[in-house]
Amino acid sequence: MAMTLGAMAAAATLTLGMSGSAYAAEGVLTINGTDYVDPSGCYPVDWFPTSVSNNTDAIAEVHSGPACLGPVEWLVYPGETYYTETAQSVFIL
């Protein structure tokens, strides 16, 4: 019986640890006129100058490097728009 309870506890811990791992911001992230609904992850910047409008419930990170690498150039908070000539990607969780 002790082994059964132990196995059940381990299974419950594993199941609870996996729940909630998928998350996307709610709303619309607009990069150079392209809308991303409920965005999540990294988005490339396709031309300059660039505008990033964040109408989500999360903070968007504007990166100076491609693939969301390199320093964070700016944080775009919900409801804000940021204009840049140097960003190469945008990350939002």
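Residues numbered from 1 in each chain as written. Predicted model: local features only at pLDDT ≥ 70, side-chain atom pairs only at ≥ 80, totals over all residues. Heavy atoms only, no water.

## Observations regarding the overall build of the protein
Part 1 of the argument: A count of helical and extended segments in the protein gives one helix and eight strands.
Part 2 of the argument: Written out in order from the N terminus, the α and β elements of the protein read α-β-β-β-β-β-β-β-β.
Part 3 of the argument: Here the protein holds 93 residues, and 29% of them are scored as buried.
Part 4 of the argument: Summarising the internal contacts of the protein: among those between residues at least 6 apart in sequence, 52% fall at separations of at least 24.
Part 5 of the argument: In the form shown here, the protein has an accessible surface area of approximately 5800 Å², with 65% of it arising from carbon and sulfur atoms. (Helix = DSSP H or I, 4+ residues; strand = E, 2+ residues; numbered from the N terminus. Buried < 20%, exposed > 50% of the residue type's maximum accessible area, 1.4 Å probe, protein only. Contact = heavy atoms within 4.5 Å. Areas by Shrake-Rupley, 256 points an atom, 1.4 Å probe, with all protein chains shown as cover.)

## Side note on the nonpolar core
Part 1 of the argument: Leu29, Val52, Ala60, Val62, Val76, Val90 and Ile92 are the most contacted members of the largest nonpolar core, which has 14 residues in total.
Part 2 of the argument: Of all the secondary structure elements, the ones that give two or more residues to this core are β1 (27-31), β5 (60-63) and β8 (89-92).
Part 3 of the argument: Among residues more than four places away in sequence, those in contact with valine 76 are Val52, Asn54, Ala58, Ile59, Ala60, Val62, Thr81 and Tyr82. (Core = buried A, V, L, I, M, F, W, Y, C linked by side-chain atoms within 4.5 Å.)

## Points about the packing of aromatic side chains
In this description, an aromatic ring pair is defined by two values, namely the gap between the centres and the angle between the planes.
Part 1 of the argument: As enumerated under the stated definition, the model contains two aromatic pairs in all.
Part 2 of the argument: Here the aromatic rings of tryptophan 74 and tyrosine 82 are separated by 5.2 Å at their centres, their planes lie at 0 degrees, and the arrangement is stacked. (Phe/Tyr/Trp six-rings, centres within 6.5 Å; stacked < 30°, edge-to-face > 60°.)

## A look at the sheet that holds β1
Part 1 of the argument: Read across the open sheet, the four strands follow the order β2-β1-β4-β7; overall the sheet is antiparallel. Sheet topology places β2 (34-37) and β7 (81-84) at the edges, where each strand pairs with a single neighbour. The average undirected angle you get between the axes of adjacent strands in this sheet is 15 degrees.
Part 2 of the argument: When β1 meets strand β4 (residues 50-56), the two strands line up antiparallel, connected through five bridges. The partner of glycine 27 across the bridge, within β4, is threonine 56. (Pairing = 2+ DSSP bridges. Axes fitted to C-alpha atoms, helices over the stretch in contact; angles between N-to-C directions.)

## A few points about the pairing of β8
In regular strands, side chains alternate between the two faces of the sheet.
Part 1 of the argument: Summarising the sheet, strand β3 (residues 41-44) and β8 pair through four bridges and their orientation is antiparallel. When the bridges of β8 are listed, proline 44 appears paired with serine 89.

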